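One-letter residues, chain by chain:
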Amino acid sequence: MPATDYLIMNAAKYPDDIALVEVNPAIRDERGKTWRDYELVEAPPSQRYRREITWRAFNDQANRFAHLLIDAGVKRDTKVAILLMNCLEWLPIYFGVLKAGAVAVPLNYRYTADEIKYCLELADAEVLVFGPEFIGRVEQIAYRIPQVGNLYFVGEDCPTFAHSYNRRVAHFAAEEPDVVINDDDNAAIYFSSGTTGFPKAILHNHRSLLQAGLCEQHHHGQTRDDCFLCIPPLYHTGAKIHWFGSLVSGSKGVILRGVRPDWILQTVSEEHCTLVWLLVPWAQDILDAIDDKKVDLDNYRLDQWRLMHIGAQPVPPSLVRRWKKQFPHHDYDNNYGLSEGMGPGSIHLGVENFEHLDTNGVPGWGWEAEIRREDGSVIEPGSEDVGELCLRGNCVMVEYYNNPEATAESLRDGWLYTGDVAKIDKDGFITLVDRAKDVIITGGENLYPVQIETFIRKHEAVKDVAVIGVADERLGEIACAIIELKDGRTCTEAEMEDFCLDMPRYKRPRKYIFATVPRNATGKIDKPALREQYGAAQLVAQETSN
């Protein structure tokens, strides 16, 4: 059963219920009005604080776009790329692609023009749907991507090199397209985050898509009465699959365009959100804003908020304990996943396992997990050994599209080799130690940056930290900590050295740099950028200048 069937069922069961809401607080702040005042004013979609659609309208829009694509010559398995900021049109366009029997190819909105071109070519995309934020980038490559026969622009003032999605889609019928979709049909191509080099194209089928949504609904128990606040980018599997829990349960989802603490809290309050997925920096920003009295919780209605969950990166247990002190009635869950496994849920803590907060959790609903040594042997629970996390389940990718070598390396005998280093305790709880590619080998010892980062984050002045390996003539590599301090706080290298004395000597960073820690749109630390900026040559130059 494809996920599109859930959209059809929701449109039939709950035609007039709200399916999706888009909230853009910057509009309200700019105009100095509440959304209720501003909605009385006629304005184009891009200038409205709040927009909404019902389940019937959602399904109708998806059907119209499917018919538009079919009329334009799109056939089964044609690749249709989507380059949009989060907006109300995003999911209807995505489902329109699926309903046409085509393959959706979401693109990272941070890609440069050349990266967009690279991904379009890698995925064999023949159609590109893009929004106003990308006119300049798409125009740079529009005449260098001949395989992309149709470009559709979502918004007002369509550029001359594209077709207007808004005008064209309105001319097509809202009836269901005559396309049969099976579980084994290709559904979507997602791109790896690119934190270790050029992104790879990850192909998933319809079974994977739906099973991931069922897994999400099973883990977090969404019902018709829930409301999910979606903040991260929809091009990524994480945000979209968390929303799929709303699709399965027929409940409202809210797309928030912005990450300011007051915007998040106000949207939770106004839209009566019950589930919120945050990235680590956003959760920390909310707590800091409360501590600094930049927001007052008494100004918001938050009683209905029942679950805060985090994923996409290692979560400091100290942050979660701090959150629970501020919001003691919130359930908490931590989700581990990867795009090759259709996003979150392959390992999850579970709201009932808060006492195991220092771990990532157990295999998720429908998942199996093993930790294997380099020789392929399985590490038993309770062992002190670490190994590679391997996963098996219905959400595992079909392949790395157009990359059989990488596919053969990651998919072996039905198991997905994740490239993540992990250990398992005697109770079966798994802890992700680090990415295999990020392990630092110093003087023959393996250092796992996440462990060092977790320790340094305990310092009260630290907002964020990233540990990377840099070349060293004697030890091969040394650990370098890039530390971002909280606003108004200070810390010296000598103070940090004293703080780290409680770590084993070989684990202590040999160099400290106080600077901003860059993260990508999915919350992961951009370590390639840090390695490029603070490589061995850069460190030598700094030491010489000192």
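Presented here is a report on the structure given in the accompanying data block.

Rules behind the numbers
Residue indices begin from 1 for each chain and proceed along its sequence in written order. It should be noted that, the model being predicted, local features are given only for residues of pLDDT at least 70 and side-chain atom pairs only at 80 or more, the latter also being counted only at that level, while totals for whole chains, interfaces and linings use all residues. By convention in this description, side-chain values take in all heavy atoms of the structure and omit both hydrogens and water. For the purposes of this entry, the term helix denotes a DSSP run of H or I that reaches at least four residues, the term strand denotes a run of E that reaches at least two, and both are numbered from the N terminus. For the radius of gyration, the atom set is restricted to C-alpha positions; the globular benchmark scales as 2.2 Å times the number of residues to the power 0.38. Burial classes: relative accessible area under 20% of the type maximum marks a residue as buried, over 50% as exposed, and values in between as partly exposed (1.4 Å probe, protein chains only). Here, two residues are considered to be in contact whenever any of their heavy atoms come within 4.5 Å of each other. Shrake-Rupley sampling with a 1.4 Å probe provides the accessible areas, and residues are treated as covered by the protein chains on show and by no other component. Charged-residue counts in this description rest on Lys and Arg as positive and Asp and Glu as negative, His and the chain ends being excluded. Charge positions come from single atoms, namely NZ of Lys, CZ of Arg, CG of Asp or CD of Glu. In this description, a line fitted to the C-alpha atoms serves as the axis of each element, helices being fitted only across the stretch in contact, and the angle between N-to-C directions of two axes falls anywhere from 0 to 180 degrees. When an angle is under 35 degrees it counts as roughly parallel; over 145 it counts as roughly antiparallel; between 65 and 115 it counts as roughly perpendicular; any other value is oblique. The handedness criterion is simple: a crossing whose near helix is rotated anticlockwise from the far helix by less than a right angle is left-handed, and one whose near helix is rotated clockwise is right-handed. Three classes are used, and their members are as follows: Ala, Val, Leu, Ile, Met, Phe, Trp, Tyr, Cys and Pro are nonpolar, Asp, Glu, Lys and Arg are charged, and the others, Gly among them, are polar. In this scheme, strands are said to pair when DSSP sees at least two bridges between them. Every crossover in which the path from the first strand over the helix to the second runs clockwise, viewed with the strands pointing away from the viewer, is termed right-handed. To form a nonpolar core, buried Ala, Val, Leu, Ile, Met, Phe, Trp, Tyr and Cys residues must be joined to one another through side-chain atoms within 4.5 Å. A helix's residues, less one, multiplied by 1.5 Å, set its expected span. Salt bridge, as used here: a side-chain nitrogen of Lys or Arg that lies within 4 Å of a carboxyl oxygen of Asp or Glu.

1. Quick look at the overall build of the chain
Okay, step 1: The number of helices and strands found in the chain is 18 helices and 27 strands.
Okay, step 2: For 546 residues, the compact-globule estimate of 2.2 N^0.38 gives 24 Å, and the chain sits close to it at 24 Å.
Okay, step 3: Taken along its principal axes, the extent of the C-alpha atoms in the chain is 70 × 55 × 50 Å.
Okay, step 4: When each of the 546 residues of the chain is scored for burial, the buried share is 57%.
Okay, step 5: Considering only contacts in the chain between residues 6 or more positions apart, those separated by 24 or more positions represent 69%.
Okay, step 6: Counting only carbon and sulfur atoms, one obtains 46% of the accessible surface of the chain, whose full area is about 23,000 Å².
Okay, step 7: Averaging the coordinates of the 58 positive side-chain charges in the chain and doing the same for the 82 negative ones gives two points 2 Å apart.

2. A few points about the environment of F65
Okay, step 1: Looking at the element boundaries, F65 is found in helix α4 (residues 55–71).
Okay, step 2: Taking the C-alpha atoms as reference, F65 lies 20 Å from N182; in sequence the two are 117 residues apart.
Okay, step 3: Sequence-distant contacts of F65, defined by excluding residues within four places in its chain, comprise I93, G96, V97, V129, Y165 and V169.

3. Let's talk about the packing of helix α1 (residues 4–13) against α4
Okay, step 1: Running from N to C, α1 and α4 point in directions that differ by 135°, and their axes come no closer than 8 Å. Judged on the interaxial angle alone, α4 and α1 are oblique. Like other packed secondary-structure pairs, α1 and α4 cross with a definite hand, here left-handed. Between α1 and α4, the residues in contact are L7, I8, N10 and A11 and W55, R56, F58, N59 and A62, respectively.
Okay, step 2: Across the contact of α1 with α4, the residue classes tally to 6 nonpolar, 2 polar and 1 charged.

4. Quick notes on the sheet that holds strand β15 (residues 343–348)
Okay, step 1: The strand order across the open sheet built from 9 strands is β2-β1-β11-β10-β12-β13-β14-β15-β16, with neighbouring strands paired in mixed fashion. What marks the edges here is a single partner per strand, and that holds for β2 (50–54) and β16 (362–363).
Okay, step 2: Two elements, strand β13 (residues 307–311) and strand β14 (residues 331–338), share 5 bridges in a ladder whose sense is parallel. Within β14, the position partnered with G311 by the bridge is N335.
Okay, step 3: Contacts between α4 and the sheet are confined to β1 (18–23) and β2, with β2 contributing the most and set at about 85° to the helix.
Okay, step 4: Set on the sheet, helix α12 (residues 280–291) makes contact with β12 (275–278) and β13; between it and β12 the angle comes to about 110°.

5. Some words on the pairing of strand β3 (residues 79–83)
Okay, step 1: In terms of burial, β3 is largely enclosed, as 5 of its 5 residues are buried.
Okay, step 2: The alternating pattern of β3 places K79, A81 and L83 and V80 and I82 on opposite faces, both of which are buried.
Okay, step 3: Where β3 and strand β4 (residues 103–106) come together, 4 bridges link them in parallel fashion. The partner of K79 across the bridge, within β4, is V103.
Okay, step 4: For the segment spanning β3, helix α5 (residues 90–99) and β4, crossover handedness is right-handed.

6. Comments concerning the nonpolar core
Okay, step 1: The biggest cluster of nonpolar side chains holds 146 residues, and the ones touching the most others in it are Y94 and L107.
Okay, step 2: Dropping the residues within four chain positions of it, Y94 is found in contact with I82, A104, P106, A188, Y190, L209, K240 and F244.
Okay, step 3: Counting residues in each nonpolar core, the second largest holds 16 residues, with I452, A479, A481 and M496 among its members.

7. Some remarks on helix α10 (residues 237–249)
Okay, step 1: With 13 residues, α10 should cover 18 Å at 1.5 Å per step; its first-to-last C-alpha distance of 19 Å lies within 8% of that length.
Okay, step 2: Judged by how many residues are buried, α10 sits mostly within the fold: 13 of 13 residues are covered.
Okay, step 3: Following α10 by one or two positions, G250 has its phi on the positive side, about 70°.

8. A word on the pairing of strand β10 (residues 227–230)
Okay, step 1: Every second residue of β10 is oriented toward a common face, with C227 and L229 on one face and F228 and C230 on the other, all of them buried.
Okay, step 2: Relative to strand β11 (residues 252–256), β10 is paired through 4 bridges, and the arrangement is parallel. Within β11, the position partnered with C230 by the bridge is I255.
Okay, step 3: Relative to β12, β10 runs parallel, the two sharing 2 bridges. The partner of F228 across the bridge, within β12, is L275.

9. Overview of the environment of V138
Okay, step 1: Assignment of secondary structure puts V138 in helix α7 (residues 135–141).
Okay, step 2: Taking relative accessible area as the criterion, V138 reaches 0% and is therefore assigned buried.
Okay, step 3: Separated by 95 residues in sequence, V138 and P233 have C-alpha atoms that sit 19 Å apart.
Okay, step 4: Discounting residues that sit within four places of it in the chain, V138 has contacts with L83, L128, F130, L151 and F161.

10. Structural notes on α12
Okay, step 1: End to end, α12 covers 17 Å across 12 residues, agreeing with the expected 16 Å (1.5 Å per residue, within 8%).
Okay, step 2: Counting buried positions along α12 yields 10 of 12 residues, so the element is predominantly enclosed.
Okay, step 3: Burial in α12 covers these residues: V280, P281, W282, A283, Q284, I286, L287, D288, A289 and I290.
Okay, step 4: On its buried face, α12 sits against α11 (261–271), β12, β13, α13 (317–326) and β25 (462–472).
Okay, step 5: After α12 finishes, the residue K293 shows a positive phi value of roughly 60°.

11. Things to note about the pattern of salt bridges
Opposite charge on two side chains permits pairing when their charged atoms draw close.
Okay, step 1: Overall, the coordinates contain 29 salt bridges when judged by the stated rule.
Okay, step 2: Measuring nitrogen to oxygen at the nearest pair gives 2.5 Å for the salt bridge that ties R51 to E22. You can see R51 sitting in strand β2 and its partner E22 sitting in strand β1, a full 29 residues away along the chain.
Okay, step 3: One connected set of salt bridges, linked through shared partners, spans E22, R51, E89, E133 and R257.

12. Some thoughts on the environment of K426
Okay, step 1: Here K426 is to be found in the loop between β21 (415–424) and β22 (430–435).
Okay, step 2: Sequence-distant contacts of K426, defined by excluding residues within four places in its chain, comprise P381 and G382.

13. Notes on the side chain of H242
Okay, step 1: As for its position among the elements, H242 is in helix α10.
Okay, step 2: Excluding its chain neighbours within four sequence positions, the residues that come into contact with H242 are E216, H220, Q222, F228, W277, H309, N335 and P344.

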